[in-house]
Amino acid sequence: MKPFNVKEFALPALSAALALAVLAPVLTPGFTLVYDMVFTPDQPLLPDAAGLGTAPPRSVPADAVMAALTWVLPGDVVQKLVLLAALSLGAWGAGRLVPARALGPRLVAATAYGWTPFVAERLFMGHWPYLLAYACLPWIAAAGLAHRRGEPKSLTRLVLWSVPAALTPTGGLLAAGTALATAGWRVLPALALLNAPWWVPSILRPGAVLSTPDAVDLFSARAENWGGTVVSVLGTGGFWNSDVTPASRELPVTPVLTLLVVAIAAAGWPVLVRRLPAATRLLWLGAAGLVLALAAHLPFGAAALRWMVSEVPGAALLRDAQKWVAWWALPLALGFALAVEAARWRAVVAVAVLVPLAMTPDLAWGGMGRLDTVQYPGDFAVVRDILATDDHPGDVLSLPLGAFRRFAWNDDRTQLDPAPRYLPRTTVVDDTVYVGGRPIPGEDTRLPAIRDALREHGDLGALGIGWVLVEHGTPGLLDPATTDGLVPVHRGPWLDLYRVPGPVGAPPESGPPRGPVLFAAASAVLFVVGCLLWQAIPAGRFTRNRRRGVTP
């Protein structure tokens with residue numbers, strides 16, 4: 001039996017400990033619902049989950065994957081497993097990637113990558129797909145560098161590590177950028193096929209997905225302290241929503257420590273390139289991430305971005321520019337670890353492991369109480385069962401109009417309306433987002449006609465709406481006359497459900513064509529299955545058979 005080696009388990013143990021230090025309050029029974037993070041007990045598989053709805057496929061194929069997973073496991077268990085993976089795999093991957101000769105620098109790289117303002121702010125904003133993509137980047141980089149060296153099965157490893165990242169468009173692009181930088185352009189066809197479930201419905205969707213120019217300023221990186229925007233971004237922070245920024249980012253010492261860490265990391269980059277020459281590509285990718293994150297603050301950058309998001313279809317992905325700092329976080333962590341290795345003192349290594357934790361201590365324990373678990377009120381299950389068994393046709397309209405809710409049963413935390421992911425029918429919500437009180441118009445093509453019908457008390461049934469859900473105890477205006485003439489089916493403390501009387505027409509045909517979208521999704525699934533099977537076959541088996549003249 002192989003003797004137990006503490007060093008082999010130290011890195012994964014530290015990575016798991018970092019995740020548990022953050023997620024301990026989230027691991028109790030129930031759901032964590034905050035901003036964009038919405039999980040439900042049993043998410044239904046609906047057209048929107050495949051990109052066949054009238055809204056842009058921003059959560060494709062994430063919603064379809066969650067529907068499949070919650071068919072096997074309870075939704076709260078799925079959420080906990082996803083968050084544990086998102087907060088542990090990144091640290092582990094960074095520690096494995098750093099070309100260090102000892103364990104200490106690997107542990108330094110793990111904390112430097114796994115415990116950052118980027119992780120804190122995206123977690124508090126509920127951007128779990130971004131965090132999952134962030135966690136996969138070191139593993140994708142390792143597979144890409146291995147593919148460049150010609151190692152067997154490295155391409156399938158690259159694809160399989162890109163799968164969790166490609167659950168959303170942003171994650172897919174972060175993964176693709178890392179893969180292309182490390183492996184080269186030869187992997188582009190594989191990446192295009194893997195990401196087809198979201199880009200195919202995006203380009204086939206009738207009408208261009210454009211954004212208002214104002215969104216560039218509202219969603220651009222911002223200064224979190226006296227060091228300014230550049231220093232905030234250099235420290236992987238600078239997220240546009242100040243409500244999710246850890247208080248530690250505003251401390252006067254934070255810019256000083258940030259610049260010190262960057263300077264130390266820069267001292268380690270020559271070592272990184274000397275030991276891993278292809279890592280130069282990671283440095284260039286990190287620089288590109290910084291430029292994109294700060295684009296709105298560069299000369300002519302804001303003007304260029306305003307033009308792009310308002311004129312170029314799909315360029316709205318550039319609005320939240322700070323997300324590209326994920327590319328910068330990896331070379332920052334690797335360089336910092338290698339520079340610390342040069343000190344050769346265990347005390348220095350121990351301090352360096354603790355530096356990221358000391359700089360953002362309020363990431364621990366769910367952000368010092370920001371995150372907790374709650375149970376959905378029984379109203380949601382009652383309404384779900386009615387909609388699942390009643391044969392009255394039509395989609396559901398959620399009121400009051402608005403993308404976000406604040407319920408007392410969730411401690412008045414801001415959260416996305418859970419109805420679209422809880423109810424077994426397509427649920428239409430107003431996707432207008434308010435930032436600093438200023439509206440960013442939504443992109444669901446059904447909403448303009450529905451707003452007109454509500455304002456004029458018109459026929460919702462003609463627009464394919466057969467049900468109206470009224471949610472109580474959350475901010476938002478609702479004209480009492482809106483429900484006049486509707487048939488009440490359920491009245492509860494948190495939800496009222498009404499049936500729209502009369503004939504209900506078919507929903508408007510404003511989504512992409514089903515055939516190409518489903519073909520793209522099926523092709524991606526088969527491609528991933530093929531990669532899994534190929535990875536399971538012992539390396540060199542077929543080549544050995546061919547050398548022996550045996551037909552496999």
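Residues numbered from 1 in each chain as written. Predicted model: local features only at pLDDT ≥ 70, side-chain atom pairs only at ≥ 80, totals over all residues. Heavy atoms only, no water.

Colleague: Help me get a handle on the overall build of the chain, residues and values and all.
Modeller: The helix and strand inventory of the chain stands at 23 helices and 9 strands. A globule of 552 residues ought to have a C-alpha radius of gyration of about 24 Å, and the chain, at 24 Å, matches this closely. For the chain, the spread of C-alpha atoms along the three principal axes comes to 75 × 70 × 50 Å. A burial count over the chain gives 55% of its 552 residues as buried. Considering only residue pairs separated by 6 or more positions, the chain has 77% of its internal contacts joining residues 24 or more positions apart. With an accessible surface of roughly 23,300 Å², the chain has 66% of that area assigned to carbon and sulfur atoms. In the chain, 43 positive and 38 negative side-chain charges are present, and the distance between their average locations comes to 20 Å. (Helix = DSSP H or I, 4+ residues; strand = E, 2+ residues; numbered from the N terminus. Rg over C-alpha atoms; globule rule 2.2 N^0.38 Å. Buried < 20%, exposed > 50% of the residue type's maximum accessible area, 1.4 Å probe, protein only. Contact = heavy atoms within 4.5 Å. Areas by Shrake-Rupley, 256 points an atom, 1.4 Å probe, with all protein chains shown as cover. Lys, Arg positive; Asp, Glu negative; His and termini not counted. Charge placed at Lys NZ, Arg CZ, Asp CG, Glu CD.)

Colleague: Can you explain the side chain of Glu471? Please cite residues and give values.
Modeller: Here Glu471 shows up in strand β7 (residues 465-471). Overall, the relative accessible area of 3% leaves Glu471 in the buried class. Within the local environment of Glu471, its side chain forms a polar contact with the side chain of Ser398, the two groups lying 2.8 Å apart. Here the side chain of Glu471 touches Arg405 through a polar contact of 3.1 Å, side chain to side chain. If we ignore the near neighbours within four places in the chain, the residues touching Glu471 are Ser398, Leu399, Pro400, Arg405, Phe407, Asp417, Ala419, Trp494 and Leu495. (Polar contact = N/O pair within 3.5 Å; in protein donor to acceptor, adjacent residues only side chain to side chain.)

Colleague: Tell me about the sheet that holds strand β1 (residues 395-399), residues and numbers included.
Modeller: Read across the sheet, 5 strands follow the order β4-β1-β7-β9-β8 without closing on themselves; strand pairing throughout is mixed. Two strands bound the open sheet, and with one partner strand each, they are β4 (427-428) and β8 (487-491). Sheet topology note: the β1/β4 ladder contains 2 bridges and is parallel. Bridge assignment links Val396 to a residue of β4, and that residue is Thr427. Against the sheet, helix α19 (residues 378-389) engages β1, β7, β8 and β9 (495-499), with an angle of about 15 degrees to β9. Contacting β1, β4 and β7, helix α21 (residues 447-455) crosses the sheet at an angle of about 65 degrees to β1. (Pairing = 2+ DSSP bridges. Axes fitted to C-alpha atoms, helices over the stretch in contact; angles between N-to-C directions.)

Colleague: Kindly report on the environment of Glu341, identifying the contributing residues and their values.
Modeller: Here Glu341 lies in helix α16 (residues 326-341). Considered as a pair, Glu341 and Gln535 are 194 residues apart in the sequence and their alpha carbons are 34 Å apart. Residues in contact with Glu341, not counting those within four places in the same chain, are Ala100, Arg101, Ala102, Pro105 and Arg275. Of the polar contacts made by the side chain of Glu341, one reaches the backbone nitrogen of Arg101; its length is 3.0 Å.

Colleague: Before we move on, could you go through the pairing of β8 and cite the residues and values that matter?
Modeller: Note: β8 against β9, 4 bridges, orientation antiparallel. Across the sheet, Arg491 pairs through a bridge with Asp496, a residue of β9. Hairpin connection of β8 to β9: 3 residues between the antiparallel strands.

Colleague: Mind laying out the pattern of salt bridges, listing which residues take part and the relevant values?
Modeller: Using the criterion set out here, one finds 17 salt bridges in the structure. Notably, a salt bridge pairs Arg275 with Glu341, separated by 2.8 Å at the nearest N-O pair. Taken together, the residues Arg275 in helix α13 (residues 254-275) and Glu341 in helix α16 connect sequence positions 66 residues apart. On the basis of relative accessible area, Arg275 is assigned to the partly exposed category, the value being 26%. Judged by its relative accessible area of 13%, Glu341 falls in the buried class. Measuring nitrogen to oxygen at the nearest pair gives 2.8 Å for the salt bridge that ties Arg499 to Asp390. Of this pair, Arg499 sits in strand β9 while Asp390 is found in the loop between α19 and β1, placing the two residues 109 residues apart along the sequence. According to the relative accessible area criterion, Asp390 is partly exposed, its value standing at 21%. (Salt bridge = Lys/Arg side-chain N within 4 Å of Asp/Glu carboxyl O.)

Colleague: An account of the packing of aromatic side chains is requested, with residue identities and associated values reported.
Modeller: Per the counting criterion, the structure on display carries 18 aromatic pairs. Seen from their ring centres, Phe380 and Trp409 are 5.9 Å apart, and the 75 degrees between their planes marks the pair as edge-to-face. Within this pair, whereas Phe380 is found in helix α19, its partner Trp409 is found in the loop between β2 (404-406) and β3 (414-416), the two being separated by 29 residues in sequence. Look at Trp409 and you get buried, because its relative accessible area is 13%. (Phe/Tyr/Trp six-rings, centres within 6.5 Å; stacked < 30°, edge-to-face > 60°.)

Colleague: Which residues make up the state of the cysteines, and what values do they have?
Modeller: Inspection of the entire model under this criterion finds 0 disulfides. Note on Cys136: no disulfide assigned, nearest cysteine sulfur contributed by Cys531 at a separation of 15 Å. On the basis of relative accessibility, which here comes to 0%, the residue Cys136 falls in the buried class. (Disulfide = S-S within 2.5 Å.)

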